[in-house]
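The primary structure of each chain is shown beneath.
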Amino acid sequence: MRQDPPPGAAPDWTIPQGFERYTEAEHAVWRTLYARQMKLLPGRAVPEFLEGAALLGMEEGIPDFRRLSDRLMALTGWQVVAVPGLVPDDMFFEHLANRRFVAGNFIRKPDELDYLEAPDVFHDVFGHVPLLAHKVFADYMQAYGKGGLRSMGFGALHKLARLYWYTVEFGLVQTGEGLRIYGAGILSSAGESRFALDSPSPNRLGFDLMRVMRTRYRIDAFQQTYFVIESFESLLQQTLETDFAPLYAALAALPDLAITDILPTDRVLTRGSQAQAA
Ligand code: HBI
Ligand code: FE
C-alpha cells in the first residue's frame, strides 16, 4: 500500500523549506545547539565531519537549503530537500539513490534541546549533511539508497535498516588518533557525543555487515552497542562489492541478535559494563 503525501507536499513528499518563516528565536535554538556541539566535537568527531561543517558554513543559524544545496552540489553532487517529517521507506530510498538528502524543516523548542522524537532540522542537517561533502561517504549514502530499494524486493528492509542505524546514525570509526564519531544520531546529541566514546557502559565491536544486519536496536535511549568501521572506504567497498541477495537468504534462517549479545567471532574493542542501561 502506497501512502499519500500530506496536503501541501509534492508527490515525492518534499515541501518548500520556508526559510523566510524562521523566527529569530528558532535561529537562536540552532546557534545554541551548534555552539554546544562544536565545543564537544573536536577530537571526538571524525575530521571529515568537522571539515564538511566548516566548508558548508552552518554557524549563523538554520541553513537555507538552497544555499546548502548549491555548495554541496559543487562538492559532491548532493542536494538537501525539505520534508514534513518521516517519509515512507521507498520514498526515503528513492531520494538517497538520487543524491537528495531529506531533512525536516522544523526545529525543536528552546525548552527541549535534548529531545529525541522526530528528526528535526538540527539532527538532519547538522548531524547528516557535513559528511555529504565527503566524496566517499556521499557515495556510500547513495549506494545505501539503491540497496534500500532492492531490499524491498527481498522483504529484507528491516535487516538493511539496521545497517543504516549502526553506520549512518550511530557509527564509530577507527582512526590513527583513536575512535571517532561519524553517526549523525551521536553527532547531534550532546549527551551521546560523550557517552559513545567515554563511557565504559556500551559495547564497542568491530563492524561486520552480516553481524550488524542481525542485530536489533533501540531508538529510545543511548545505544548499548556501537560498531566500529575501519574507514569510509572499507564501508563503501563492502556495500558496493557485496551481493546482498544471498545475505538476505542466509539472514532469513538466522535468529536475530539481542542488542547486548557478544559473539565469540566478534572483534571486541570494549566489553561494556551496561551499567548505564541497568
Ligand atoms: N524519513 N525523514 C526521514 N528521515 C529518515 O531518516 C527516514 C525516513 N523514512 C524512512 C527511514 N528513515 C528508514 O527507512 C531508514 O532509517 C532506513
Ligand atoms: Fe538521522
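What counts and how
Residues numbered from 1 in each chain as written. Chains lettered and ligands numbered in written order. Predicted model: local features only at pLDDT ≥ 70, side-chain atom pairs only at ≥ 80, totals over all residues. Heavy atoms only, no water. Salt bridge = Lys/Arg side-chain N within 4 Å of Asp/Glu carboxyl O. Helix = DSSP H or I, 4+ residues; strand = E, 2+ residues; numbered from the N terminus. Buried < 20%, exposed > 50% of the residue type's maximum accessible area, 1.4 Å probe, protein only. Pairing = 2+ DSSP bridges. Axes fitted to C-alpha atoms, helices over the stretch in contact; angles between N-to-C directions. Donors = N, O, S within 2.8 Å, 3.2 Å for Na, K, Ca; no water. Tetrahedral: all angles 85-135°; square planar, octahedral: opposite > 155°, others 65-115°. Right-handed = clockwise from strand over helix to strand, strands pointing away. Parallel < 35°, antiparallel > 145°, perpendicular 65-115°, else oblique. Left-handed = near helix turned anticlockwise from the far one by under 90°. Contact = heavy atoms within 4.5 Å. Nonpolar A, V, L, I, M, F, W, Y, C, P; charged D, E, K, R; others polar. Phe/Tyr/Trp six-rings, centres within 6.5 Å; stacked < 30°, edge-to-face > 60°. Polar contact = N/O pair within 3.5 Å; in protein donor to acceptor, adjacent residues only side chain to side chain.

Enquirer: Quick rundown of the pattern of salt bridges? Include the residues and the values.
Expert: Counted by the stated rule, this structure contains 13 salt bridges. Residue Glu20 is joined to Arg66 by a salt bridge in which the shortest nitrogen-to-oxygen separation is 2.9 Å. Residue Glu20 is found in the segment before helix H1 (24–40), and its partner Arg66 is found in helix H3 (residues 65–76); the two are separated by 46 residues along the sequence. Residue class for Glu20 comes out exposed when judged on its relative accessible area of 61%. Residue Asp220 is joined to Arg218 by a salt bridge in which the shortest nitrogen-to-oxygen separation is 3.1 Å.

Enquirer: Help me get a handle on the sheet that holds strand E7 (residues 268–270), residues and values and all.
Expert: If you trace the five strands from one edge of the open sheet to the other, you get E4-E3-E6-E5-E7, paired in mixed fashion. Only two strands of the sheet have a single neighbouring strand rather than two, namely strand E4 (178–181) and E7. Recorded for the sheet is a direction-independent mean angle of 35° between the axes of neighbouring strands. Of the strand pairs in this sheet, strand E3 (residues 172–175) and strand E6 (residues 225–229) are connected by two bridges, and their pairing is parallel. Across the sheet, Val173 pairs through a bridge with Ile229, a residue of E6.

Enquirer: Please provide a residue-by-residue account of the coordination of the iron ion (ligand 2), values included.
Expert: Summarising the metal site, the iron ion (ligand 2) is bound by the protein donors His123 (NE2), His128 (NE2), Glu169 (OE) and Glu169 (OE), whose distances to it range over 2.0 to 2.7 Å. One can describe the donor arrangement at the iron ion (ligand 2) as irregular, given that its four donor atoms subtend angles of 53 to 139° at the metal. Mapped onto the polypeptide sequence, the residues donating to the iron ion (ligand 2) form the spacing pattern H-x4-H-x40-E. Residue His128 is located in helix H5 (residues 121–128), and its partner Glu169 is located in helix H7 (residues 157–169); the two are separated by 41 residues in the primary sequence. Overall, Glu169 belongs to the buried group, its relative accessible area being 11%.

Enquirer: How would you summarise the pairing of strand E1 (residues 79–83) if you had to cite specific residues and measurements?
Expert: Within E1, four of the five residues are buried, leaving the element largely enclosed by the surrounding structure. One ladder, built from five bridges, connects E1 with strand E2 (residues 100–104); its direction is parallel. Following the sheet pairing, Ala82 is matched in E2 by Ala103. Each parallel crossover has a hand, and for E1 linked through helix H4 (residues 89–97) to E2 it is right-handed.

Enquirer: An account of the packing of helix H6 (residues 135–153) against H7 is requested, with residue identities and associated values reported.
Expert: H7 packs onto H6 with a crossing angle of 165° between their chain directions and a minimal axis gap of 9 Å. Taken together, the axes of H6 and H7 lie roughly antiparallel to each other. Crossing geometry of H6 relative to H7 is assigned as left-handed. In contact with Phe137, Tyr140, Met141, Tyr144, Gly147, Gly148, Ser151 and Met152 of H6, H7 contributes Leu157, Leu160, Ala161, Leu163, Tyr164, Thr167 and Val168. When its residues are assigned to classes, the contact of H6 with H7 shows 11 nonpolar, four polar and no charged.

Enquirer: Explain the packing of aromatic side chains to me, using residue names and the numbers behind them.
Expert: Under the counting rule described, the total for this entry stands at 21 aromatic pairs. With a centroid separation of 4.7 Å and an interplanar angle of 10°, the aromatic rings of Phe122 and Phe126 are classed as stacked. In this pair, Phe122 and Phe126 are both assigned in helix H5, four residues apart and thus about one turn of the helix distant. Taken individually, Phe122 and Phe126 each receive the classification buried, so the pair is uniform in this respect. Geometrically, the ring pair formed by Phe137 and Tyr140 is tilted, given 6.1 Å between the ring centres and 55° between the ring planes. With Phe137 and Tyr140 both in helix H6, this residue pair falls three residues apart, about one helical turn. For the residue pair Phe137 and Tyr140, the accessibility class agrees, reading buried in each case. Here a set of aromatic residues connected by ring pairs shows up, and it is made of Trp30, Tyr34, Phe49, Phe122 and Phe126.

Enquirer: I'd like a rundown of the packing of H1 against H5, residues and numbers included.
Expert: Packed helix pairs are characterised by how far apart their axes lie and by the angle those axes make with each other. Look at H1 against H5: their axes get within 11 Å of each other, and the N-to-C directions meet at 40°. Taken together, the axes of H1 and H5 are oblique relative to one another. Seen from above, H1 lies across H5 with right-handed handedness. On the side of H1, the interface is formed by Trp30, Leu33, Tyr34, Gln37 and Met38, while H5 contributes Val121, Phe122, Val125 and Phe126. In the contact of H1 with H5, the residues fall into eight nonpolar, one polar and no charged.

Enquirer: Can you tell me about the side chain of Arg214, naming the residues and giving the values?
Expert: Examined against the element boundaries, Arg214 turns out to sit in the loop between helix H10 (209–213) and E6. A polar contact is formed between the side chain of Arg214 and the backbone oxygen of Pro255, at a distance of 3.1 Å. Not counting residues up to four positions away in its chain, the partners in contact with Arg214 are Arg162, Leu251, Leu254, Pro255, Asp256 and Leu257.

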